[in-house]
Amino acid sequence: MQFNKTTLSNGLRIITIPMADNPSVTVLVMVETGSKYETKDKNGISHFLEHMIFKGTPKRPKASDISRELDSIGAQYNAFTGYEFTGYYAKAASRHLGALIDIISDMYKNPLFEQKEIDKEKGVIIEEIRMYQDMPQSRASDAFMDVMYGDQPVGWNVAGTEQNVKSFVREDFIAYRNAHYVAAATTVIVAGSFDESECIATIEKAYADLSATSKGVKLPVKEAQDAPRIKTDYRETDQTHIVIGLRTFKISDPRVPAMRVLSTVLGKGMSSRLFSRMRDELGVCYYIKTDHDAMTDHGVLTISAGVDNSRVEEAIREILAQCRKLKDELVSDGELKKAKDYIAGTSMLELETSDARAEFAGYQEALKGKVELPADIIARTQKVTAADMQKLAQEIFISEGLNMAVTGKFKDDSSFKSYFNI
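Residues numbered from 1 in each chain as written. Predicted model: local features only at pLDDT ≥ 70, side-chain atom pairs only at ≥ 80, totals over all residues. Heavy atoms only, no water.

Draft legend 1. Geometry of helix 1 (residues 45-52). Of all 8 residues making up helix 1, 8 are buried, and the element is well covered by its neighbours. Where helix 1 is buried, its residues meet strand 4 (76-81), strand 5 (86-93), helix 4 (115-133), helix 6 (162-167) and helix 7 (170-180). (Buried < 20%, exposed > 50% of the residue type's maximum accessible area, 1.4 Å probe, protein only. Helix = DSSP H or I, 4+ residues; strand = E, 2+ residues; numbered from the N terminus. Contact = heavy atoms within 4.5 Å.)

Below, the structure written as structure tokens:
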């Protein structure tokens, strides 16, 4: 993968990722703002604003004008909101690059924010919130973030609350957009087959009038914990959903490669320790996985599983035992090599398409302020030793750092406290 980065005089960054003879091209605009930039009374506005970007501009007054134009060129398009970034993208045949840049830049810069459209979209977002509340896995994830981080932006739901959603008015969106949707917080990524100089010139013209004021700031995450934390979310479910997690570190931390290998050994792939033990040997669950999410100022390792209601204690004890084993014993050379090869292989497979490469670059730019080549990232994981992993496990797998959310037929946490330690 090759890329070039250009920074315009107003601070906007352009990342071009050429893919020779690729039939498609993806245009992705990333802005460095999300739910971690919100206040309590405005929680959910980043996500709501993402919806409103598609609801019309002076040039394309209706949502149907935007969708019809994109559909007419066979484009795939969508958006997403996270804790620290929001993205808007469209993908189509390479010959439509000019149209994609024009449409996405118009949406990004010139949303109408008509109150009647805001009022209609409130119902849509409330139903989206309710949809995820009806999903036990999603509820467990939300409960986990709440028990781990509490009443601060990273602990709140990205979509906000129904009460907040109902309260938003046009002036809220204008004020939030003016504070955060500025050139210095914006990156335009183009991946696919295109003429690079022509592409950059087109983007520069399209975004020349984007605000050059300073980007908005967020409060740092507060990390404070001195004992295990458990939150139960009672639901009449046929399966209990568990999320166990621990605090790690930000994305720029030099321990990230070791964390990636440790997470892979523990719970990525069907030959990982947790999958092999929990599903293949014990038959206690269908899904189990680990994830490591590293942001600009915090990180978290999570283990998620859906288990038989009658075997919850057994499942939790076994998960903790597998974590403890990484503290007590060195990983074998063979298992270490397998994990590194898994990372290298999946990393390359995940970058086959133009949209995947655009997102890969966009995430890095938003969180690290730079883009690293996949080969360089893989090379750092190849240097991780078994001793590195054991040291890291000993640092993060500590009882006072344990957090757990349980969605299922449990009304309090008393039954877990006696053995929830590591």
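That covers the picture; the talk isn't over yet.
Draft legend 2. Molecular detail of the nonpolar core. Ranked by size, the top nonpolar core spans 52 residues in total, and within it Leu12, Leu100, Phe173, Val190, Ile203 and Tyr207 carry the most contacts. For this core, the element with the most residues is helix 3 (residues 97-109), which contributes 7 residues. Those residues in contact with Tyr207 that lie beyond four places of it in its chain are Asn10, Leu12, Val29, Ile104, Ser105, Tyr108, Lys109 and Val188. The next biggest cluster of nonpolar side chains, apart from the first, holds 47 residues, and it includes Leu262, Ala339, Phe410 and Phe420. (Core = buried A, V, L, I, M, F, W, Y, C linked by side-chain atoms within 4.5 Å.)

Draft legend 3. Looking closely at unusual backbone geometry. The backbone phi angle of Asp21 is positive, close to 65°, even though this residue is not glycine. Along the polypeptide, Asp21 turns up in the loop between strand 2 (13-18) and strand 3 (24-31). Of note in the backbone geometry, Phe113 takes a positive phi value of approximately 50° without being a glycine. Within the secondary structure, Phe113 is located in the loop between helix 3 and helix 4.

Draft legend 4. Inspection of the sheet that holds strand 11 (residues 403-408) at higher detail. With mixed pairing, 5 strands are arranged side by side in an open sheet as 7-11-8-10-9. Two strands in the sheet have a free side with no partner beyond their single neighbour: strand 7 (229-234) and strand 9 (285-294). On average, adjacent strands in this sheet sit at an angle of 15° to one another, irrespective of strand direction. One ladder, built from 9 bridges, connects strand 8 (residues 239-247) with strand 10 (residues 299-308); its direction is antiparallel. Counted as the bridge partner of Arg247 is Val300 from strand 10. Sitting on the sheet, helix 9 (residues 256-267) touches strand 9 and strand 10, and the angle it makes with strand 9 is about 175°. (Pairing = 2+ DSSP bridges. Axes fitted to C-alpha atoms, helices over the stretch in contact; angles between N-to-C directions.)

Draft legend 5. Spatial organisation of the pairing of strand 1 (residues 4-7). Bridge analysis of strand 1 against strand 2 gives 4 bridges, and the strand direction is antiparallel. Across the sheet, the residue bridging to Lys5 is Ile15, located in strand 2. Between strand 1 and strand 2, which follow one another and run antiparallel, lie 5 residues, and Gly11 among them has a positive phi close to 100°.

Draft legend 6. Summary view of the pattern of salt bridges. This structure, assessed with the given rule, holds 41 salt bridges. A salt bridge links Lys36 to Glu84; its shortest N-O distance comes to 2.8 Å. With Lys36 in the loop between strand 3 and helix 1 and Glu84 in the loop between strand 4 and strand 5, the pair connects residues that are 48 residues apart, well separated along the chain. The class for Lys36 is buried, based on a relative accessible area of 2%. Given a relative accessible area of 2%, Glu84 falls into the buried group. Two residues, Lys109 and Asp209, come together in a salt bridge whose shortest N-O distance is 2.9 Å. Placement of the pair is Lys109 in helix 3 and Asp209 in the loop between helix 8 (196-206) and strand 7, with a sequence separation of 100 residues. The class of Lys109 is buried, set by a relative accessible area of 17%. Taking relative accessible area as the criterion, Asp209 reaches 58% and is therefore assigned exposed. Each of the salt bridges in this network shares a partner with another, and the network as a whole consists of Lys5, Arg13, Glu32, Lys215 and Glu365. (Salt bridge = Lys/Arg side-chain N within 4 Å of Asp/Glu carboxyl O.)

Draft legend 7. A look at the packing of aromatic side chains. Using the criterion set out here, one finds 14 aromatic pairs in the structure. Considering the side-chain rings of Phe48 and Phe173, the 4.9 Å spacing of their centres and the 70° angle between planes classify their relative orientation as edge-to-face. Of this pair, Phe48 sits in helix 1 while Phe173 sits in helix 7, and the two are 125 residues apart along the sequence. Judged by its relative accessible area of 0%, Phe48 is buried. Note on Tyr88 and Tyr108: the rings are 6.1 Å apart at their centroids and 70° apart in plane angle, and the pair reads as edge-to-face. Of this pair, Tyr88 sits in strand 5 while Tyr108 sits in helix 3; the two residues are 20 residues apart in sequence, bridging distant segments of the chain. Among the aromatic side chains, those forming a connected cluster through ring pairs are Phe54, Tyr88, Tyr108, Tyr181 and Tyr207. A cation over a ring is seen here: Lys411 above Tyr234, with NZ or CZ 5.0 Å from the ring centre. (Phe/Tyr/Trp six-rings, centres within 6.5 Å; stacked < 30°, edge-to-face > 60°. Lys NZ or Arg CZ within 6 Å of the ring centre and 35° of its normal.)

Keep in mind these values describe shape, not function.
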